[in-house]
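Each chain is listed here by its residues.
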Amino acid sequence: MAYIEFHRINKLYEGGVHAIEDVSFEIEKGQFTVLVGPSGCGKSTFLRMLAGLEEVTTGTIKMDGKIINEVHPKDRNISMVFQNYALYPHLTVYENIAFGLKLKKIKTPITNEAGEVVRYKTSSIPKTEIDEKVKEVAEKLELTAYLSRKPKQLSGGQKQRVALARALVRNNDVFLLDEPLSNLDAKLRVEMRKVIKSLHQNVKKPFIYVTHDQVEAMTMADKIIVLKLGVIQQIGSPKEIYDEPSNLFVATFFGSPSMSIIDGTLLEEKGSLYVELKNNDKLYIPNDLINEFLDYSMVGKEVKVGFRPTSYRVSKPEHIEHYSMIHGEVFYKELFGSETLIKVKIAEGNNIDVFIPNDVNPKIGDTIELYAHTAKMKLFDPTSERSIFGTTKTLTIKNVDYKINDKNIVFSLASKSHTYPIGKRVITSIEKSGKLNVSFDTENITLEEIPDSVSITGKVVLVKNLFNRNAIFVEIKDRKEPLFFYLSKDKKINVGDDVTMYVGYDYINFHKVDNTPILSRYDIVNEVKENDIALVKKALKIRSNDNIKIPLMGVRVITNRKTILTNKEEFYKAKAICLNAEDYNGNTLLYYKIKGMKGYLTAILDKKIDMVKQPILKLGIPKK
Ligand code: ADP
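Quick look at the structure, then.

1. Quick look at the overall build of the protein
- Looking only at helices and strands, one finds 10 helices and 37 strands in the protein.
- Overall size of the protein, expressed as C-alpha extent along the three principal axes, is 85 × 75 × 60 Å.
- Taking all 624 residues of the protein together, 48% fall into the buried category.
- A sequence separation of at least 24 residues applies to 66% of the contacts in the protein between residues at least 6 apart.
- Of the roughly 31700 Å² that the protein leaves accessible, carbon and sulfur atoms contribute 49%.
- With 92 positive and 79 negative side-chain charges, the protein shows a separation of 8 Å between the mean positions of the two kinds.

2. Some details on the environment of Asn-437
- Inspection of the secondary structure assignment puts Asn-437 in strand β26 (residues 433–441).
- Accessibility expressed as a relative area gives 2% for Asn-437, which makes it buried.
- Discounting residues that sit within four places of it in the chain, Asn-437 has contacts with Thr-396, Ile-397, Lys-398, Asn-399, Asn-509, Phe-510, His-511, Lys-512, Val-513 and Asn-515.
- A polar side-chain atom of Asn-437 sits 3.0 Å from the main-chain amide nitrogen of Asn-399.

3. Looking at the packing of helix α4 (residues 156–169) against helix α5 (residues 186–203)
- In contact at an axis separation of 11 Å, α4 and α5 are set at 15 degrees when each is read in the N-to-C sense. Our classification of the angle between α4 and α5 gives roughly parallel. Here the hand of the crossing between α4 and α5 comes out right-handed. On the side of α4, the interface is formed by Gly-157, Gln-160, Arg-161, Leu-164 and Leu-168, while α5 contributes Leu-188, Met-192, Val-195, Ile-196, Leu-199 and Val-203.
- Within the contact of α4 with α5, the residues separate by chemical class into eight nonpolar, two polar and one charged.

4. Some points on the nonpolar core
- Of all hydrophobic cores here, the largest spans 46 residues; its most connected members are Ile-97, Ile-196 and Phe-254.
- With seven residues, α4 is the largest single contributor of residues to this core.
- What Ile-97 contacts, discounting residues up to four positions off in sequence, is Val-134, Leu-143, Leu-147, Val-162, Ala-165, Arg-166 and Val-169.
- In terms of nonpolar packing, the next biggest core, distinct from the first, is built from 36 residues, Leu-413, Ile-430, Ile-472 and Phe-485 among them.

5. Points about the site of the ligand
- Tyr-13, Val-17, Ala-19, Pro-38, Ser-39, Gly-40, Cys-41, Gly-42, Lys-43, Ser-44, Thr-45 and Arg-48 make up every residue found near the ligand.
- Within the backbone of Cys-41, a nitrogen or oxygen atom sits 3.1 Å from an oxygen atom of the ligand.
- Between the ligand and Gly-42 there is a distance of 3.0 Å, counted from an oxygen atom to a backbone nitrogen or oxygen.
- Burial of the ligand by the protein amounts to 63% of the accessible area it has alone, namely 560 Å².
- Looking at the shell around the ligand element by element, the count peaks at four residues for helix α1 (residues 43–51).

6. A word on the pattern of salt bridges
- Enumeration over the complete set of coordinates arrives at 16 salt bridges.
- Between Glu-129 and Lys-133 there is a salt bridge, with its nearest N and O atoms 3.4 Å apart. Within this pair, Glu-129 and its partner Lys-133 are both found in helix α3 (residues 127–140), separated by four residues, close to a single helical turn.
- Judged by relative accessible area, Glu-129 falls into the partly exposed class, the value being 31%.
- Ionic pairing is found between Asp-131 and Lys-135, a salt bridge with its closest N-O pair at 3.0 Å. Here Lys-135 and Asp-131 lie together in helix α3, a separation of four residues that amounts to about one turn.
- Among the ionic contacts, a cluster of salt bridges with common partners joins Lys-11, Arg-48 and Glu-54.

7. Notes on the sheet that holds strand β11 (residues 223–228)
- Ordered in space as β6-β9-β10-β3-β11-β12, the six strands form an open sheet in which the pairing is mixed. Single-partner strands in this sheet number two, and they are β6 (78–82) and β12 (231–236). For this sheet the average axis-to-axis angle between neighbouring strands, irrespective of direction, equals 15 degrees.
- Examined bridge by bridge, strand β9 (residues 174–178) and strand β10 (residues 207–211) share four bridges and lie parallel to one another. Bridge assignment links Asp-178 to a residue of β10, and that residue is Val-210.

8. Side note on the sheet that holds strand β17 (residues 312–313)
- The sheet built from five strands is open, its strands ordered β17-β21-β18-β19-β20 with antiparallel pairing. Because the sheet does not close on itself, it has two edges, and the strands there are β17 and β20 (350–357).
- Of the pairings in the sheet, the one linking β17 to strand β21 (residues 367–373) comprises two bridges and is antiparallel in character. Paired with Tyr-312 across the strands is Ala-372, a residue of β21.

9. Describing a positive patch on the surface
- Side chains of Lys-541, Arg-543, Lys-573, Lys-575, Lys-595 and Lys-618 sit close together on the surface and give a patch of like positive charge.
- Note on placement: Lys-575 falls in strand β34 (residues 571–584).

10. Focus on the pairing of β6
- Of all five residues that make up β6, four are buried, and the element is covered over most of its length.
- Both β6 and β9 contribute to a ladder of five bridges, which runs parallel. The partner of Met-80 across the bridge, within β9, is Leu-176.

Cut-offs used in this document
- Along each chain, the written sequence defines residue order, and numbers are assigned to residues from 1.
- Given that the model is predicted, a residue must reach a pLDDT of at least 70 before its local features are reported, and side-chain atom pairs must reach 80 or more before they are shown or counted; all residues, however, enter totals for whole chains, interfaces and linings.
- Only hydrogens and water are set aside when side-chain values are computed; all heavy atoms of the structure are taken into account.
- What counts as a helix is a DSSP run of H or I of at least four residues, what counts as a strand is a run of E of at least two, and both are numbered from the N terminus.
- Each residue gets one of three labels from its accessible area relative to the maximum for its type: buried under 20%, exposed over 50%, partly exposed in between, using a 1.4 Å probe on protein chains only.
- Note on contacts: a residue pair is in contact if any heavy atoms of the two residues lie within 4.5 Å.
- Per-residue and other accessible areas follow the Shrake-Rupley method at a 1.4 Å probe size, with only the shown protein chains counted as cover for residues.
- Counted charges follow a simple rule, with Lys and Arg positive, Asp and Glu negative, and His plus the chain ends left uncounted.
- Here the site of a charge means atom NZ of a Lys, CZ of an Arg, CG of an Asp or CD of a Glu.
- By the criterion applied in these results, polar contacts are pairs of N or O atoms within 3.5 Å in which, for protein atoms, one can donate a hydrogen and the other can accept it, and in which residues neighboring in sequence qualify only through two side-chain atoms.
- Axis geometry follows a simple rule: fit a line to the C-alpha atoms, using only the stretch in contact for helices, then measure angles between N-to-C directions, giving values from 0 to 180 degrees.
- By the definition adopted for this analysis, an angle is roughly parallel if under 35 degrees, roughly antiparallel if over 145, roughly perpendicular if from 65 to 115, and oblique otherwise.
- Two helices crossing with the near one rotated counterclockwise from the far one by less than a right angle form a left-handed crossing, whereas a clockwise rotation gives a right-handed crossing.
- For this scheme, ten residues count as nonpolar: Ala, Val, Leu, Ile, Met, Phe, Trp, Tyr, Cys and Pro. Four count as charged, namely Asp, Glu, Lys and Arg, and the remainder, Gly too, count as polar.
- Among the buried residues, those of types Ala, Val, Leu, Ile, Met, Phe, Trp, Tyr and Cys that are joined through side-chain atoms within 4.5 Å form a nonpolar core.
- Proximity criterion: a residue is near a molecule or strand once any of its heavy atoms comes within 4 Å of it.
- Think of a salt bridge as a Lys or Arg side-chain nitrogen and an Asp or Glu carboxyl oxygen that are within 4 Å of each other.
- At least two DSSP bridges between two strands are required for those strands to pair.
- Every patch collects residues that have over 30% relative accessible area and no salt bridge, joining them within 9 Å if they carry like charges and within 5 Å if they are nonpolar side chains (Val, Leu, Ile, Met, Phe, Trp, Tyr).

Printed below as a string of structure tokens:
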């Protein structure tokens with residue numbers, strides 16, 4: 001079990017910013033985790049939710065197996081270090097470090113004669129103990145000589161070390177660091193990175209470090225979590241993120257200069273796959289990469305081709321089978337110490353950055369021929385922007401017959417009928433019957449029976465050997481295209497085997513045949529949170545003791561005093577604060593709350609709402 005678990009976290013700020021969207025990840029004890037992404041992607045929101053300074057809108061945070069959503073910040077045993085140090089200017093370094101300890105209370109159990117705890121005695125930490133701890137930590141952070149100085153007599157680096165010392169001295173279970181080095185100059189930042197890393201190795205507790213700086217993420221992390229607009233792009237070790245970026249965003253976020261992206265078309269010829277560039281150069285995909293290549297539907301289509309500046313040679317390389325020639329015009333060069341960076345134009349709007357040895361020294365305007373290391377080439381689907389090598393693929397089963405009965409979508413697949421409960425996640429109003437597309441990611445297929453899932457049976461038609469796993473292709477009845485998923489190599493499975501695949505309800509998505517979504521991406525069942533029940537009941541004037549269920553459908557907006565609900569008795573009336581109003585297939589998916597609520601409610605309205613013009617709504621909520 002991981003030490004910290006984030007499960008399906010959503011954060012909606014008042015005013016409608018969906019800062020975190022359906023994010024799940026885990027942090028192991030002792031791991032140095034870096035949350036990285038451009039400004040505004042939700043990094044600080046995450047730290048604040050973990051520290052308890054910000055409410056989680058939906059989802060759970062677990063620490064050491066216990067849900068901590070409702071635990072008071074001071075009881076979470078978390079230390080935080082901020083960019084602006086937050087030191088007390090009137091206290092000395094010593095007093096700043098000792099401050100938290102002086103306030104800390106220790107609880108000592110008082111037992112009776114039978115050894116049972118009867119009460120707790122609270123006391124402060126003894127002065128001598130505080131002194132010992134402060135000095136020990138000061139020593140670790142090389143602050144001993146500065147203990148009697150005030151913060152204004154310190155350099156930026158020293159101030160940040162005091163902030164670290166203050167976090168460290170309290171001996172908490174988790175350390176959160178929010179852009180701690182952004183105020184320091186480049187040289188100090190490099191130094192402080194080392195200080196923080198060695199501190200982490202020393203205390204062996206989880207550090208969660210937030211930064212927008214890809215270099216910090218690469219150099220410090222055991223595990224990197226890349227965020228963009230509140231959505232996880234990739235989780236992995238620095239090497240995985242750098243070598244195997246899962247999409248164009250990650251590919252171009254890391255590295256300086258970052259990966260160059262150019263256009264090509266993926267083609268097949270006599271069993272070999274190649275990419276043809278805009279200047280007709282052909283880049284052959286080496287055989288071991290073909291092994292990883294899974295999305296055959298991309299053959300014949302346009303792709304985005306990515307190379308890092310270090311992936312070229314100017315002289316003939318040893319393993320020539322891993323290289324293809326690429327040529328273009330040099331239009332820029334810059335000395336980068338031991339190497340020269342050149343920019344080469346392959347075709348209009350298609351430029352690459354290339355590091356070459358200084359002695360090659362081409363002139364601006366020269367045509368240069370390069371051996372491109374195709375074993376390191378990345379290919380991306382221009383539409384989804386996802387890598388088409390070895391990553392998760394979304395499988396879509398098109399034109400599936402469905403009908404709606406009162407509580408389920410019933411759809412038929414592999415000559416079997418499957419039910420998906422409506423209300424599990426929001427379903428926009430759709431016809432009572434027709435055709436839809438069902439999709440899920442390969443990684444969410446499992447062969448072990450799981451509750452709340454759809455099961456699909458089929459026959460294994462191909463087992464494709466990849467580096468450390470097998471891709472299993474399964475033919476299902478009534479479908480031409482096989483489904484596939486990955487299985488670790490120690491799980492034996494053979495061509496001809498019958499298999500049943502399970503996909504949890506949470507991971508299934510439905511789209512109309514034109515691909516407009518039918519389900520929301522996240523759980524938004526209107527379960528009123530425990531601590532909101534009293535407030536909601538009061539606001540809606542609900543007297544019964546029943547569990548309250550606020551329906552998503554049938555909610556109306558009362559626009560003016562004259563709007564009279566036809567059957568007044570069938571509706572609760574409520575004044576609502578509009579948190580967000582998403583256009584949903586011509587309808588509106590509304591997120592709202594009643595003043596004072598911690599959580600939020602949702603409704604599907606059959607009209608458009610502009611939340612800027614209507615920040616407060618009067619709603620009629622059906623009682624049924
Ligand atoms: P980062 O730390 O990655 O720069 P934040 O977590 O601070 O990003 O913010 C994520 C998003 O949430 C941004 O769009 C930001 O404007 C918004 N946001 C942050 N705090 C609030 C708040 N208190 N109210 C409304 N929106 C907020």
